[in-house]
Each structure stands twice: as structure tokens, then as C-alpha cells.
Amino acid sequence: MEFAELIKTPRVDNVVLHRPFLPQVEGTLCLTGHHLILSSRQDNTEELWLLHSNIDSIEKRFVGSMGTIIIKCKDLRIIQLDIPGMEECLNIASSIEALSTLDSALLMYPFFYRPMFEVVEDGWKSFLPEQAFKHIESMTNEWRLSQVNKDFSVCPSYPPVVIVPKSIDDDTLRKVATFRHMGRFPVLSYYHKKNGMVMMRSGQPLTGTNGRRCKEDEKLINATLRVGKRGFIIDTRTLSIAQQAKARGGGFEQEAHYPQWRRIHKAIDRSSILQESLIKLVEACNDQSHNMDRWLSKLEASNWLTHVKEILTTACLAAQCIDREGASVLVHGTEGTDSTLQVTSLAQIILDPTCRTMRGFESLVEREWLQAGHPFHVRCAQSAYSNSKPKLEAPVFLLFLDCVWQILRQFPCSFQFNEHFLIMLFEHAYASQFGTFLGNNAFDRVKLKLPEKTVSLWSWVNRPQELHKFLNPLYESNSLVIWPSVAPQSLLLWEGVFLRWNRSSRYLDEAYEEMIHIIEYNKELQAKVNALRRQLAELETEDPLLETP
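Residues numbered from 1 in each chain as written. Predicted model: local features only at pLDDT ≥ 70, side-chain atom pairs only at ≥ 80, totals over all residues. Heavy atoms only, no water.

As annotated in an unreviewed UniProt entry, the protein carries the name Myotubularin-related protein 9 and is attributed to Polypterus senegalus.

**So, the overall build of the protein**
Along the protein, the regular secondary structure elements total 19 helices and 14 strands. Whereas a compact globule of 549 residues would reach a radius of gyration of roughly 24 Å, the protein reaches 26 Å, a difference of no more than 12%. Principal axes of the C-alpha set define a box for the protein whose edges measure 85 × 80 × 50 Å. Looking at the protein as a whole, 54% of its 549 residues qualify as buried. At a minimum sequence separation of 6, the contacts of the protein that also span at least 24 residues come to 69%. Roughly 25,800 Å² of accessible area belongs to the protein as shown, and the carbon and sulfur atoms make up 52% of that amount. Here the protein carries 61 positive and 66 negative side-chain charges, and the mean point of each set is 8 Å from the other. (Helix = DSSP H or I, 4+ residues; strand = E, 2+ residues; numbered from the N terminus. Rg over C-alpha atoms; globule rule 2.2 N^0.38 Å. Buried < 20%, exposed > 50% of the residue type's maximum accessible area, 1.4 Å probe, protein only. Contact = heavy atoms within 4.5 Å. Areas by Shrake-Rupley, 256 points an atom, 1.4 Å probe, with all protein chains shown as cover. Lys, Arg positive; Asp, Glu negative; His and termini not counted. Charge placed at Lys NZ, Arg CZ, Asp CG, Glu CD.)

**As for the sheet that holds strand β14 (residues 328–332)**
Read across the sheet, 5 strands follow the order β10-β11-β14-β12-β13 without closing on themselves; strand pairing throughout is mixed. The open sheet terminates on both sides in strands that have one partner only, identified here as β10 (187–191) and β13 (261–265). Along the sheet, successive strands turn relative to each other by an average axial angle of 25 degrees, direction set aside. Across 3 bridges, strand β11 (residues 198–201) lies against β14 in parallel orientation. Residue pairing for β14: R201 is matched across the bridge by V331. Where helix α9 (residues 339–351) meets the sheet, its contacts fall on β10, β11 and β14, and the angle it forms with β11 comes to roughly 165 degrees. (Pairing = 2+ DSSP bridges. Axes fitted to C-alpha atoms, helices over the stretch in contact; angles between N-to-C directions.)

**Here's the deal with the nonpolar core**
By size, the foremost hydrophobic cluster in this structure holds 88 residues, and its most contacted members are L346, I349, F361, F397, F400, L425 and F498. I7, I79, I92 and L99 belong to the second-largest nonpolar core, a separate cluster that totals 27 residues. (Core = buried A, V, L, I, M, F, W, Y, C linked by side-chain atoms within 4.5 Å.)

**Focus on the pattern of salt bridges**
In the structure shown here, the tally under the stated rule is 25 salt bridges. Its salt-bridge partner being R61, residue E59 comes within 3.7 Å of it at the nearest N-O pair. The class of E59 is partly exposed, set by a relative accessible area of 28%. For R77, the salt bridge is made with D75, and the minimal N-O distance between the two is 3.0 Å. When sorted by exposure, R77 lands in the same class as D75, which is buried. Each of E283, D287, R294 and K298 takes part in salt bridges that share partners, so that together they form one network. (Salt bridge = Lys/Arg side-chain N within 4 Å of Asp/Glu carboxyl O.)

**Digging into empty space enclosed by the protein**
Counting across every chain of the model gives 2 cavities of 30 Å³ or more. Taken as a whole, the largest cavity encloses approximately 40 Å³ of empty space. Taken together, L17, R19, V25, L38, S39, S40, T45, E46, E47 and L48 make up the lining of the largest cavity. Secondary-structure elements contributing two or more residues to the lining of the largest cavity are β1 (11–19) and β3 (35–39). Grouping the amino acids of the lining of the largest cavity by side-chain chemistry returns 4 nonpolar, 3 polar and 3 charged. For the second largest cavity, the calculated volume is near 30 Å³. Every residue along the wall of the second largest cavity is listed here: F179, T207, R212, R213, C214, E218, E253, Q254, H257 and Y258. (1 Å grid on protein atoms, 1.4 Å probe; cavity = no way out; pocket = protein on both sides within 12 Å on 5 of 7 lines; lining within 4 Å. Points joined across faces, edges and corners; volume = space filled by probe spheres on them. Nonpolar A, V, L, I, M, F, W, Y, C, P; charged D, E, K, R; others polar.)

**Structural notes on a nonpolar patch on the surface**
There is a patch of nonpolar side chains on the surface, built from F62, M86 and L90 and spanning about 250 Å² of accessible area. Judged by its relative accessible area of 33%, F62 is partly exposed. (Patch = residues over 30% accessible without salt bridge, like charges linked within 9 Å, V, L, I, M, F, W, Y side chains within 5 Å.)

**A look at the packing of helix α10 (residues 358–370) against helix α13 (residues 419–430)**
Each pair of packed helices can be summarised by the angle the axes make with each other and by the distance between the axes. For the pair α10 and α13, the least separation of the axes is 12 Å and the interaxial angle reads 25 degrees. What the angle tells us is that α10 and α13 run roughly parallel. The crossing of α10 and α13 is right-handed. Counted together, M358, F361 and E362 of α10 and F421, L422 and L425 of α13 form the full contact between these two elements. For the contact of α10 with α13, the per-class residue count stands at 5 nonpolar, no polar and 1 charged. (Parallel < 35°, antiparallel > 145°, perpendicular 65-115°, else oblique. Left-handed = near helix turned anticlockwise from the far one by under 90°.)

Listed below in C-alpha cells is the structure:
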């Protein structure tokens, strides 16, 4: 298919663009296969380059012969185009709708994007499973790297290599895979250096209504326990939902078959509920009534912060079991690709200071989200404005980033990266020129040949020219475990995402920038004071009679 077939009117003059915080601009609107571009001959005006894949929905309005298109973006922006001529407006709207809903991943912009920068570091090779295993191997010899899934036949949503107990052979892993949802047998997620405890993740066991049992599964899980130690199975579903899953062939671990493990059920909602929550939240944030009581009521009704609290509470529980109880943990929900990954990745941020560094966090996203099989392609197909009924879309990754922001806000000196880094990841997960978030799992990325045909997001982020924008000036390395508060008064709405296109948020951004300038000035002042003190100390050494003021 040629993109030209979908573009009925490639160019329209005298189009007026309205954007948040910026003066309106009149210029020429052009449509390409991947971008909507508006350029103006006016001095000091910034061109609009909008990826079609960033468009969530459009609305058309007409007054006489003048048409208006309101574009609602996946990054929650709303922009308006005033287009002269009804036919031109209808043609532009029709083309945008077609170009923003292309089905084939091969037609996405990352396959056509050619970077304007030199790719010094190939991000596709920066965080391979083999490198993660070397880190584990430096701390313990009880684990091995298995290639049982090298052709993706055992588990399509796992990477070709996974870390498993050394005492468990590949034949056992194949049998366990038939007992776990989507073949997602338990694999290592995290090794706690302090006490040797581990965190595993998997899909639900397929016990069914008959209470099916798998001795190989029991053997694999028990292989992670030390002598005389018990473990915890954290099921991210309520007990009633887990019991209902039995009727569909799923289920949970029976105490009689896993006597050394204690099962704990938590209440992290399903993806469909999360999508509805996001839609309600964004609707509340766009409420222009200026009625505080109504706004707070809408915010509470969205249940967004309730989801944040439940996810953080479960992550803290997993971290507490490992660090304070000295117990290993297995985490799973139903598929093991959504709430499971939220919990395992957040628990690592709490426990492991490496995950709070820039590269450590990038590695975590690769390991616990991309390689672990979170289905980005279907989860991020729509954002909060789509007119079509949600299918598999859900803001699972955005909720994770929100939880990270909550911890960062509570521990502002413990993270090497800043809020802008998290917002950038949110934006690129939904629409990007890079191939990192394309596909639903490692198998998809191999089939699409992404490492050969697209550029990695990490290749761009880790360039010094870009990296400095995402660094936190308050950062001081903290080797301690950090325990975030989940009390209602401790959890705030993430204004940097949900209110950044509202006028009130702009003042907050300006205040933040001013604060950074003050911090940098204070650092320079402190450096000068320290230099003066050193000079004074040298003078005292040379002349003992000199008194310190």
C-alpha cells in the first residue's frame, strides 16, 4: 500500500493552529505518510510536527465554509486546526483518521526514520539478558542461563534466554511451561545480594476445577528456597477472582502441594478497569468548570490514585518479604504480563539502588517490561481520547511510571533521573520514531527485525547531548532500601503528565525550573565557600598566629 493513496489533500494554505500556551499560528498544513506538519513564514514560530501514531481521536466542526479539526493526542495534548474550505477539511480529517489507525507495524514510522545523529551506542545491545546474568553470576552460583526458549516454542512471550535455578534442567522447564498460563514458567526476576533471597515471576498455574497438579512445577519453585526457609506467593488478584479463574482452566497454587509457601492475594484491577480509570481521570483534568468540589469528586471517582496505592502497596509487600522477612517471593496474576511486572519492577526500585540510576532504570524497563513480554503494541494502541470501545488497551506502563514518580517525589535525592525522563518514556511508549516499544514481546521484535531495521530509544537517550536533560541535580547515591509511604496524603496527582497542558501546570513547571536554578546557584556558592576554607586552612598552616574568623 502506498501512503499517497490515503492522502486526498496533501497541502492546505492559510490554516490556523491553536496549541496550549502558544500563540495561534497561521501557515501551511502538509500531510506526509507519518506526520502532520504545519509551518509558518512568521518569525520565531515553532513548526508543528505531529506523528500520526500520536493521534488518539479527531473531531470535526463546521461554521459556514470554515472547518475545524480538533486533534486529541495520546500524550493528552489537544490541538485545533482551523481549515478554510469544507472539502479540504473533510479530506484532511479522512486522511488523518486513516493514517493514524494503520494496522501493519511495518508501516510505522520507526521503519522509515533515519537518525540525524551518529549512533555511537547500539541500544539494542545495551541490555541483553546475558549481561544481566553476569551480574547475578558475580553474586551467586545457584542459577543458570537457559536457552530452552531459543526458538520461542516453549513460551512465545519470553525472551530466548531466561535465568532459572541451576538444579532444574530444560526438560523440567518444558513440563512446567505446560502447567503455567501462556507457557510462562517461573523465572528469576531479582536476586537480593544482602541475604540471597530472590523474586520470581510467572503466569498463573493451570489447576482448573479438578485441582490439577504438576510436581515439576513444585520442584522448580522449591529449588529457590534455602533450607528451613519459607516463601511467599503474591497473587495480584483477589481470592474470588483467582477462584473464578479455575472455571476457565486457570487457578492458584494449592497449599497442600506447596506447603513451604504462603499465598497472599492482593487487589490490582484488570486492564479494562484501568483503561476506564484513565479516561475518567483525563476527563476530570480537562474539566473547565473551575468548581473545586466537582473537580475533586471527579478525580476521586476515577480511582486512579487508588490503583497507584494498590500497586505500590503490593510492591512494598514483595520488598518487605525479601528484605525484612528473609523470604523468597513468586509473583503472578493471570497472564503475568501486566500487574506482575508492575510489582516486580517497583519492588526492585525499592530494594536496589542500581535501579534508581539512569542506566539501571533503563535496564529494568528492558528486563522487566520489554523482554518480559508486556504487550506494548496492544496496551498502548489507544490512550484516553479514543472514540472506539477499548479492547486490550490499558495504561499499565503509565501506572508503573506514575508509581515511580510517587517514589521519586518522596525520595528526591535518591534517583539519578528526573521527572522529565519518566514523561519521555510515557510519550515514546505510545508514539515514537524509535523501535524500542514496537511489538508485544521479544518474538514479535525478532520477526519484525527491529534491531536491524529501526533505531533503539536508548541509542538516543544515552547521548551526552540528550542525557543531561534527564539528570536529577539533587541526586546523591543512596545504597539503602527506600520505603515509600502509601498513605492517601502521600500520593498526589502526577501534574507533569495529567495537568501539563493546563495553564495552572505551566506555572508549576516554571517554579520547578526556578528551583533548579536556585539549587545550581547554591551548589556553585558552596563550592566557592569550600575553596575559601581550603585557602584559609593553608594560610593557617603557614602562619600559626592567624586566627580563624
